[in-house]
Amino acid sequence: MQHLTETQQFDKEALRKLFELATSLEGKRDESLKGKILASLFYAPSTRTRLSFESAMMRLGGNVLSMENASESSSSMKGETIEDTIRIIDDYADAIVLRHFEVGTAERAAAVSEVPIINAGDGTGQHPTQAFLDLYTIQREIGRTDNFRIAFVGNLAYYRAARSLAYLLAKYDNVRMTFVSAPELRMKDDVKDYLKEKNVRFEETEDLEGTMRVADVVYQTRVAEEWIPNHDEYEKLRGKYVITRPMTDIMKEGAIIIHPLPRAGEIAPEVDDSPHAVYFKQAAYGVLVRMAILKTILGGA
Ligand code: CP
């Protein structure tokens, strides 16, 4: 694996191996990446992605160079391009985890980097490592990655992790997708065209409760204020799809609710102790999946 910029690059066999490795790393620490350096370069806010990558690297004996808030603390403030920044950092580190607010930045970085670039979210583009850990969570919690129904809910137009997972699931057998959103936040055509090309069954609806009754996986998203062009529109949309505790009673036995987090009101706190709620476990699985990614990329596997 050289760069990891979008989920379409991966096939089922590569993911099967990655997940097997992730599971084997549960509860483990080793020194397999001793002497290796990971640079985490974040131009946009993050809690889970940056810290879980750094934790993963440290659990494997590696070292971390961390630049949070790079929009303000890096030399981009002096006009340095992302290409020049990457050409510098690739001499300092063995891999670079990059989050940026502009779509396509990971590809631009990969085009010039001598070391692997891992896309940790590029604007409203993709967030592939999140999609991997979402799928890993599905495998762990419902026991399969084929033959299930998934409902993507809320902000499908701007939510890069949902876009990445939809692209990824197109590789699996008999995964039926339902996109539940207000008309303003519908899944974009690039994803829908890809699904049509791959003969994936999907439908669009505004009916959350009807969809929750039949879904094996409910993937809730945040109506991210930072991506909605108009504040009044954000206020109108943000309370439209809130999952409450009574709504979980209509879910199938064994069905799960996942969410990449952070949440901002779209899952009520009383849902957290429902047996269907696995989103905090999902965040914890992120460390295992990112350990497996780092071992695969940096040669410790
Ligand atoms: N899920 C996710 O990407 O979270 P952070 O923004 O906290 O990294």
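Residues numbered from 1 in each chain as written. Predicted model: local features only at pLDDT ≥ 70, side-chain atom pairs only at ≥ 80, totals over all residues. Heavy atoms only, no water.

## What to know about the packing of helix α6 (residues 128-142) against helix α12 (residues 279-298)
Alright, step 1. Look at α6 against α12: their axes get within 9 Å of each other, and the N-to-C directions meet at 115 degrees. The hand of the α6/α12 crossing is right-handed. Touching Thr129, Gln130, Phe132, Leu133, Asp134, Tyr136, Thr137, Arg140 and Glu141 of α6 are Lys281, Gln282, Tyr285, Gly286, Leu288, Val289, Arg290 and Ile293, all from α12.
Alright, step 2. Grouping the amino acids of the contact of α6 with α12 by side-chain chemistry returns seven nonpolar, five polar and five charged. (Axes fitted to C-alpha atoms, helices over the stretch in contact; angles between N-to-C directions. Helix = DSSP H or I, 4+ residues; strand = E, 2+ residues; numbered from the N terminus. Left-handed = near helix turned anticlockwise from the far one by under 90°. Contact = heavy atoms within 4.5 Å. Nonpolar A, V, L, I, M, F, W, Y, C, P; charged D, E, K, R; others polar.)

## Re the nonpolar core
Alright, step 1. Judged by nonpolar contacts, the single largest core of 64 residues is most densely connected at Phe132, Ile150, Phe152, Met177 and Leu294.
Alright, step 2. The element that contributes the greatest number of residues to this core is α12, accounting for 10 residues.
Alright, step 3. When residues are assigned to domains, this core turns out to be shared by domain 1 (7-126 + 286-298) and domain 2 (128-282), each giving three or more.
Alright, step 4. Once you skip the residues sitting within four places of it in the chain, isoleucine 150 turns out to touch Ile138, Leu165, Leu169, Val175, Arg176, Met177, Thr178, Val217 and Tyr219. (Core = buried A, V, L, I, M, F, W, Y, C linked by side-chain atoms within 4.5 Å. Buried < 20%, exposed > 50% of the residue type's maximum accessible area, 1.4 Å probe, protein only. Domains from an automatic or database assignment.)

## Observations regarding unusual backbone geometry
Alright, step 1. Put simply, leucine 261 and proline 262 share a cis peptide bond, and its omega is 5 degrees.
Alright, step 2. Within the secondary structure, proline 262 is located in the loop between β9 (256-258) and α12.
Alright, step 3. A positive phi angle is found at asparagine 174, which is not glycine, with a value near 55 degrees.
Alright, step 4. Tracing the backbone through its elements, the reader meets asparagine 174 in the loop between α7 (160-169) and β6 (175-180).
Alright, step 5. Classification of asparagine 174 as exposed rests on a relative accessible area of 56%.

Purely spatial values, then, with no claim about function.
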